[in-house]
Amino acid sequence: MGKKEDFSILLVVIVSSFMGTFLISAVNIALPTIERDLALNAIELSWIITAFILAMALFMLPAGSWGDRSDNRRLFRLGLILFTISSVICYIAPDGHWMVAARFLQGIGAAFTGTTGQAILVSSFPPEKRGQVLGISVSSVYAGLALGPLIGGFVTLHIGWRSLFLIAAILGLLSILISYLFLKSEKNKQISAKEGDKTGTLLFMTGLAALVYGSSLIPSPAGWGLISGAIILLLLFWKYESKKAHPLLDTRLYSHNRLFTYSSLSALINYTATFAIVFFLSLYLQKVQGLSPRDAGAVIVAQPTMMALFSPIVGRLSDKIQPRYFATTGMAMCTTGLAMLTFLGPGTAIWIIVAILIWVGLGFALFSSPNMNTIMSSVERRQYGQASGLASSMRVFGQIISMSIVTLIFSLLFGNRSIEEIPNPVFLQAMRWGFIIFALIGLPGIYFSFNRGNLKRKV
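Residues numbered from 1 in each chain as written. Predicted model: local features only at pLDDT ≥ 70, side-chain atom pairs only at ≥ 80, totals over all residues. Heavy atoms only, no water.

K.L.:
Teacher, can you tell me more about the overall build of the chain here?
P.N.:
Counting secondary structure elements, the chain contains 17 helices and zero strands. A compact globule built from 459 residues should have a C-alpha radius of gyration of about 23 Å, and the chain, at 21 Å, falls within 12% of that. Across the 459 residues of the chain, 60% fall into the buried class. Here the chain carries 35 positive and 19 negative side-chain charges, and the mean point of each set is 7 Å from the other. (Helix = DSSP H or I, 4+ residues; strand = E, 2+ residues; numbered from the N terminus. Rg over C-alpha atoms; globule rule 2.2 N^0.38 Å. Buried < 20%, exposed > 50% of the residue type's maximum accessible area, 1.4 Å probe, protein only. Lys, Arg positive; Asp, Glu negative; His and termini not counted. Charge placed at Lys NZ, Arg CZ, Asp CG, Glu CD.)

Printed below as a string of structure tokens:
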């Protein structure tokens, strides 16, 4: 990098990025063990993941706006503190309710660090280095995803799943120390207290929470009622924001910026289609194939390893070659990989599963860094925080939609039974329907990714 300050900024962001995804992937591997120890059913188990990403979705968009109006770096440090405290609570959680509540708090902390971290990087480096540093940041995300299954499986098997949250707390403390040593606040930035959007924030949070919780209650009338009310609230939110001078969501980014809009839609579709892969395969490998958590993690690690290896390379190339070509190829690879996963059965060879995960992982690496480079390079400097928040929100909205689809399938086929009680053929049917739905969702992502247009380089 050449400069000590540049290196320090990059270091603290990639450490926090690694920390969040490491815990996500490690917890996925530990899910069957957590289900047994806390006596959870299939729906409750899914909320261990859903609570985390719901909190991220609720707070990422406001965090982008708060960071632009005040200080991204201060909000970043607050996120680290919340993440660390909640990790300790997860470590000592006596039951499922405490666990879900702590995971929600953890998601808030991850929202603050995830949103402001990208904005800090983009504002600290020149345009010609942007793809490279974003690629390194994305690579740290996937390094966490890669090491999570391996370390998570080993720790769960030999020490216990609670130790995963102890590791997260230790990493959190180290990140807090690094941030206070190297990540100084923006002293010259003026803080405006008049630009808050309390009404917009309330409409957004209420609508999104009702949408996610309602999806877990389908097919009951209460579930459909909550979803209907949520749609109305979110439509009101969009209309309200389009008329506000200082909105939480700048709708003009979507109505007047095709490059930003299509790139954001591509991200939403990509994460919707791919997020549940690890969730399904973690359960499938341990329940149907009979693997231990350690061995299941060794299989799943194939996908994030490819992401970690190739994201920085593709990110650098996207500074020179139009990003949409990489992103479109990656989206097509992810979609075909999902189609291949629909054919998994009780006797599928492990090498076939690994080969599919390598294919999907490479596709994701081709998509992610160029797509983020396009999003952040299509807006003005004053919009970096909001653009980063929106891009991160697209990722988390996609994850929520993905888990909502999983929860809906579980509620229709499993009822209130635990995963252990479900016959293998029924579980395989649920997983197959999930991958069919996700493969179909991926198809429009290929269209949006290719037709976004070319990125005009800023000098």
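There's more to say after this.
K.L.:
How do you make sense of the confidence of the model for the chain when you look at a structure like this?
P.N.:
Fine structural detail should not be taken from predicted coordinates in areas where pLDDT scores are low. Scored by pLDDT, the chain has a mean of 82; 91% of the residues are at 70 or more. Predicted confidence in the chain is weakest over helix α9 (residues 252-255), with a mean pLDDT of 75, and strongest over helix α17 (residues 424-450), with 92. (pLDDT = per-residue confidence, 0-100.)

K.L.:
Any chance you could explain helix α13 (residues 302-317) here in plain terms?
P.N.:
Residues three or four positions apart in an α-helix share a direction because the helix packs 3.6 residues into each turn. Over its 16 residues, α13 runs 23 Å from end to end, which matches the ideal 22 Å to within 8%, given 1.5 Å per residue. If you look at α13, its biggest bend is around 40 degrees, right at F310, and the proline P312 turns up within four residues after that. Within the sequence span of α13, burial applies to A302, Q303, P304, M306, M307, A308, S311, P312, V314 and G315. (Expected span 1.5 Å × (residues − 1). Bend = angle between axes of the 7 residues up to and from the residue.)

K.L.:
So what exactly am I meant to see when it comes to empty space enclosed by the protein here?
P.N.:
To find leftover empty space, one rolls a probe the size of a water molecule over the atoms. Under the definition given, this model contains three cavities of 30 Å³ or more. Within this model, the largest cavity holds a volume of roughly 780 Å³. Along its surface, the largest cavity is lined by 39 residues, and T21, V141, Y271, R395 and Q399 are the ones closest to its centre. Elements that contribute at least two residues to the lining of the largest cavity include exactly α1 (4-38), α2 (42-69), α4 (96-124), α5 (127-158), α10 (258-274), α13, α15 (350-377) and α16 (384-413). Residue contributions to the lining of the largest cavity peak at seven residues, all from α1. A breakdown of the residues in the lining of the largest cavity according to their chemical character gives 21 nonpolar, 17 polar and one charged. (1 Å grid on protein atoms, 1.4 Å probe; cavity = no way out; pocket = protein on both sides within 12 Å on 5 of 7 lines; lining within 4 Å. Points joined across faces, edges and corners; volume = space filled by probe spheres on them. Nonpolar A, V, L, I, M, F, W, Y, C, P; charged D, E, K, R; others polar.)

K.L.:
What's the story with the side chain of E35 in this structure? I'm lost.
P.N.:
Within the secondary structure, E35 is located in helix α1. There is no salt bridge for the buried E35, and the closest opposite charge comes from R36, which lies 6.0 Å off by N-O distance. What E35 contacts, discounting residues up to four positions off in sequence, is L40, N41, A42, L45, S418, I419 and E420. (Salt bridge = Lys/Arg side-chain N within 4 Å of Asp/Glu carboxyl O. Contact = heavy atoms within 4.5 Å.)

K.L.:
Looking at this structure, how should I read the environment of Q132?
P.N.:
Structurally, Q132 can be placed in helix α5. Among the residues examined, Q132 registers a relative accessible area of 22% and is labelled partly exposed.

K.L.:
Looking at this model, I keep getting lost on the layout of surface pockets. Mind explaining?
P.N.:
In this structure, the largest pocket encloses a volume near 630 Å³. Looking at the largest pocket, it is lined by 23 residues, and the ones nearest its centre are L208, L211, L234, F397 and I401. Put simply, the parts of the chain that give the lining of the largest pocket at least two residues each are α7 (198-217), α8 (221-243), α10 and α16. Ranked by residue count, the leading element in the lining of the largest pocket is α16, at eight residues.

K.L.:
What is the right way to look at the packing of helix α14 (residues 323-341) against α15 in this model?
P.N.:
A pair of packed helices is characterised by two quantities: the angle between their axes and the separation of those axes. Contact pair α14 / α15: the axes reach a minimum separation of 7 Å and the direction vectors enclose 150 degrees. With respect to α15, the element α14 is oriented roughly antiparallel. By crossing handedness, the relation of α14 to α15 is classed as left-handed. Across the interface between the two elements, P323, F326, A327, T329, G330, M331, M333, C334, T336, G337, M340 and L341 of α14 pack against I356, W359, V360, L362, G363, F364, L366, F367, P370 and T374 of α15. Looking at the contact of α14 with α15 residue by residue, the classes come out as 16 nonpolar, six polar and no charged. (Axes fitted to C-alpha atoms, helices over the stretch in contact; angles between N-to-C directions. Parallel < 35°, antiparallel > 145°, perpendicular 65-115°, else oblique. Left-handed = near helix turned anticlockwise from the far one by under 90°.)

K.L.:
What exactly am I supposed to notice about the environment of P149 here?
P.N.:
With respect to the helices, strands and loops of the structure, P149 is situated in helix α5. With a relative accessible area of 1%, P149 lands in the buried category. Separated by 147 residues in sequence, P149 and A296 place their C-alpha atoms 7.6 Å apart.

K.L.:
Before we go on, may I ask you to explain a nonpolar patch on the surface in this structure?
P.N.:
A surface patch of nonpolar side chains, amounting to about 610 Å² of accessible area, comprises L309, F310, I313, L317, I321, Y325 and F450. It is α13 that provides the largest number of residues to the nonpolar patch, a total of four residues. Note on placement: L309 falls in helix α13. (Patch = residues over 30% accessible without salt bridge, like charges linked within 9 Å, V, L, I, M, F, W, Y side chains within 5 Å. Areas by Shrake-Rupley, 256 points an atom, 1.4 Å probe, with all protein chains shown as cover.)

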